[in-house]
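# Remarks on the overall topology
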Amino acid sequence: QVQLVESGGGLVQAGGSLRLSCTASGSIFSTILMGWYRQPPGKQREFVALINRHGDTNYADSVKGRFTISGDNAKETVHLQMNALKPEDTGVYFCTLVNKTGSDYWGQGTQVTVSS
């Protein structure tokens, strides 16, 4: 069993910053990548960013240049630094982990609200 616990969400004004963190625990069996998705109000879940164990990153076009993902392999932790936040960044942010068996795991989500 793998548990992912997110933290760092909250309410911020447009232009502000937030830092999300996610820590994995349990029987992970070698993490391949960790990342973040978000679900805006009334919309489907969408990709935000990911990082693999080699430090390679990938971002959604909508967050490039504003968000930075980083990870700590030893601590099975991933962070998402979000700068220049916009109201359209509002949503529930979910952490995800994929291990070498191809299994994916999800956190419970953390709310991010950006006011205009």
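Going by the structure above, here's the rest.
What you see is a predicted model; the values in this text were computed from it and never measured. (Residues numbered from 1 in each chain as written. Predicted model: local features only at pLDDT ≥ 70, side-chain atom pairs only at ≥ 80, totals over all residues. Heavy atoms only, no water.)

### A few points about the environment of Gly 107
Along the polypeptide, Gly 107 turns up in the loop between strand 10 (104–106) and strand 11 (110–115). With relative accessibility at 12%, the residue Gly 107 sits in the buried group. Placed ten residues apart in sequence, Gly 107 and Leu 97 show a C-alpha to C-alpha distance of 8.9 Å. Setting aside anything within four residues of it in sequence, one finds Gly 107 in contact with Leu 4, Glu 6, Phe 94 and Cys 95. (Helix = DSSP H or I, 4+ residues; strand = E, 2+ residues; numbered from the N terminus. Buried < 20%, exposed > 50% of the residue type's maximum accessible area, 1.4 Å probe, protein only. Contact = heavy atoms within 4.5 Å.)

### Quick look at the packing of aromatic side chains
With the rule as written, the count across this model stands at two aromatic pairs. On the basis of an interplanar angle of 75° and a centroid distance of 5.6 Å, the ring pair of Tyr 37 and Phe 47 is categorised as edge-to-face. One end of the pair, Tyr 37, is in strand 4 (residues 31–39); the other, Phe 47, is in strand 5 (residues 46–52), and ten residues separate them in sequence. Taking the relative accessible area as the measure of exposure, Tyr 37 reaches 27% and is therefore partly exposed. For the ring pair Tyr 37 and Trp 106, a centre distance of 5.2 Å and an interplane angle of 70° mean the geometry is edge-to-face. Of this pair, Tyr 37 sits in strand 4 while Trp 106 is found in strand 10, placing the two residues 69 residues apart along the sequence. Across the ring face of Phe 94, the terminal group of Arg 45 is positioned such that the distance to the ring centre comes to 3.8 Å. Note that Arg 45 overlies the ring of Trp 106, its terminal NZ or CZ placed 4.8 Å from the centroid. (Phe/Tyr/Trp six-rings, centres within 6.5 Å; stacked < 30°, edge-to-face > 60°. Lys NZ or Arg CZ within 6 Å of the ring centre and 35° of its normal.)

### Some thoughts on the side chain of Ser 21
As for its placement among the helices and strands, Ser 21 is situated in strand 3 (residues 18–26). Given the relative accessible area of 17%, Ser 21 is considered buried. One polar contact links Ser 21 to His 79, side chain to side chain, over a distance of 2.8 Å. Here Ser 21 is in contact with Val 5, Glu 6, Ser 7, Trp 36, Val 78 and His 79, once residues within four sequence places are set aside. (Polar contact = N/O pair within 3.5 Å; in protein donor to acceptor, adjacent residues only side chain to side chain.)

### Brief notes about the state of the cysteines
All told, the structure shown has one disulfide when counted by the stated rule. Shown here is the disulfide that connects Cys 22 with Cys 95, its sulfur atoms set 2.1 Å apart. In this structure the cystine formed by Cys 22 and Cys 95 twists about its S-S bond by roughly -80°; its chirality is therefore left-handed. With Cys 22 in strand 3 and Cys 95 in strand 9 (residues 91–99), this residue pair connects regions lying 73 residues apart in the sequence. Exposure remark for Cys 22: the relative accessible area of 0% places this residue in the buried category. Note on Cys 95: relative accessible area 0%, which makes it buried. (Disulfide = S-S within 2.5 Å.)

### Some remarks on the sheet that holds strand 7 (residues 67–72)
Across the sheet, four strands lie side by side as 1-3-8-7; this open sheet has antiparallel pairing. Strands with a single pairing partner mark the edges of an open sheet, and in this sheet they are strand 1 (2–7) and strand 7. In this sheet, adjacent strand axes meet at a mean angle of 15° when their direction is disregarded. Relative to strand 3, strand 1 is paired through six bridges, and the arrangement is antiparallel. Within the sheet, the bridge partner assigned to Val 5 lies in strand 3 and is Thr 23. (Pairing = 2+ DSSP bridges. Axes fitted to C-alpha atoms, helices over the stretch in contact; angles between N-to-C directions.)

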